[in-house]
Amino acid sequence: MSKDGATLALRGRLLWFVGDPHEIGEAAHRYVEDGLLVIENGLIRAAGEAKELLPTLPGGAAITDHRPHLIMPGFIDAHIHMPQTQVVASYGAQLMEWLNKYTFVEEQKLAQQGHAQKLSAFLLDELLASGTTTAAVYCSVHKGSAEAFFVESHRRNTRMIAGKVMMDRNAPPALTDTAESGYADSKDLIGRWHGKGRQLYAITPRFAVTSTPEQMAASQRLVEEHPDCFVQTHINENRAEIAFARELYPDAADYAGIYEDYGLLGKKSLLGHCIHMTKREWRAFAAHGAVAVFCPTSNLFLGSGLFDWDRARREGVKVAVATDIGGGTSYSMLRTMAEAYKILQLQGQSLSAFEALHAITLGNTVALGLDHLIGSFEPGREADIVVLDPAATRAMAHRLETVRDLAEEFFVLVTLGDERNVAATYVAGELVSACSTN
Ligand code: GUN
Ligand code: ZN
């Protein structure tokens, strides 16, 4: 075990990123065919050639041989809903109907603390089994749901960002808080959990449609009092949603303007979807350093539209990628990027395997401002790791017989891969048991 000071080393094919392949091409990744990853006290000590690092290991160091598997930093999911694990795959509706008919029904069940605990434990185990070691998580409106999630995450020592949803209108009475109670409950949770172990808090007004101006002002107070917390919300996902939000806030310049008016569009703000954006909204995102969160499987499943990644790049807007379970249909960040590729194809845009693998590791941690802690194998980073078997399925093993280089192999992994390819997951240098479906 590495936590108590002993050294652990993982041997295998190492892949990690030191920059963005879209900007610097091949120079963005590090690949070591016979590599060694040395972990001490839950942190990366070194990553490099096995033949060079093996002689430097202290006596008694434990070596786990993962050859021929691929060892990467754990995946990051920038937007997911803990209460929606039993909403996934609900038939036939677009956003507003889907929320009212399915989501708000399921979310009411989290008033029961035991149910919140069960769903939190399920989500964390499913994420780890999919190779995801950090996520930005929406809980339900109930304070106890965020408490349950943080308890389960703290127990697993996972680095998670989470928050209690704030919503005080346009939802069933059993699912609404008030401007005052939403503020007080969020503040109490921040005090209890933000910075405790590896836990981080996200102030979470669900979206402008379900928050009154009074609640938006309360969210603003929370942000001003806790500037190091994240903010997470939704924007510009669906035409009917946009029309409703504009009707509720007629004085705002546009949908982004609503959040802007309440100081909710900052560097730590993660805004889900960003599909139907105006020129001014892109500019506002860039000016404030806000993050657009691309949720491919959800955008396809709910028929929301196609995220324009090239436009975000041109406008200088940071992009993160996410599953958005339960609008999304897969917990796997590999599957998520396969669908991202198709969304971009429909718009004449491209996404290489290196760009996709960068996006779900270093790219997401840069967008979240956590790249000094996680997302790569630079010395000192927390040792959250996924071990992948690219040949885990018959079809993938068969296809891999014909690949000629790494770019082709990794493109097969991104296009056909999912949780079946996860051979092991490590959290802060500890092997997680519930990680393999092989
Ligand atoms: N907008 C507001 N709430 C939600 C949600 O739970 N899922 C999605 N996809 N969009 C939302
Ligand atoms: Zn969402």
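Above this text sits the structure in question.
Residues numbered from 1 in each chain as written. Chains lettered and ligands numbered in written order. Predicted model: local features only at pLDDT ≥ 70, side-chain atom pairs only at ≥ 80, totals over all residues. Heavy atoms only, no water.

A. Quick look at the packing of helix H13 (residues 333-345) against helix H14 (residues 353-368). Relative orientation of the contacting elements H13 and H14 amounts to 120°, with a least axis distance of 9 Å. Classified by the angle their axes make, H13 and H14 are oblique. The chirality of how H13 crosses H14 is right-handed. Here Met333, Leu334 and Met337 of H13 lie close against H14, whose contacting residues are Ala356, Leu357, Ala359, Ile360 and Asn364. Of the residues belonging to the contact of H13 with H14, the class tally is seven nonpolar, one polar and no charged. (Axes fitted to C-alpha atoms, helices over the stretch in contact; angles between N-to-C directions. Helix = DSSP H or I, 4+ residues; strand = E, 2+ residues; numbered from the N terminus. Parallel < 35°, antiparallel > 145°, perpendicular 65-115°, else oblique. Left-handed = near helix turned anticlockwise from the far one by under 90°. Contact = heavy atoms within 4.5 Å. Nonpolar A, V, L, I, M, F, W, Y, C, P; charged D, E, K, R; others polar.)

B. The arrangement of empty space enclosed by the protein in detail. In total, this model carries one cavity of 30 Å³ or more according to the counting rule given. Here the largest cavity is characterised by a volume of approximately 100 Å³. Together, 14 residues line the largest cavity, and Leu95, Trp98, Leu99, His234 and Glu237 are the ones closest to its centre. Tallying contributions element by element places helix H3 (residues 95-107) first for the lining of the largest cavity, with three residues. (1 Å grid on protein atoms, 1.4 Å probe; cavity = no way out; pocket = protein on both sides within 12 Å on 5 of 7 lines; lining within 4 Å. Points joined across faces, edges and corners; volume = space filled by probe spheres on them.)

C. A look at the site of ligand 1. Among the 13 residues in the neighbourhood of ligand 1, the closest are listed as His81, Gln84, Arg206, Glu237 and Asp324. A distance of 2.9 Å is found between an oxygen atom of ligand 1 and a side-chain nitrogen or oxygen belonging to Gln84. About the coverage of ligand 1: the protein hides 100% of its 280 Å² of free accessible area. When atom positions are compared with the pocket grids, ligand 1 is found to occupy the largest cavity. No other element matches the three residues that H3 contributes to the shell around ligand 1. A breakdown of the residues in the shell around ligand 1 according to their chemical character gives five nonpolar, five polar and three charged. (Near = heavy atom within 4 Å. Polar contact = N/O pair within 3.5 Å; in protein donor to acceptor, adjacent residues only side chain to side chain. Areas by Shrake-Rupley, 256 points an atom, 1.4 Å probe, with all protein chains shown as cover. Sits in = over half its atoms within 2 Å of the grid points.)

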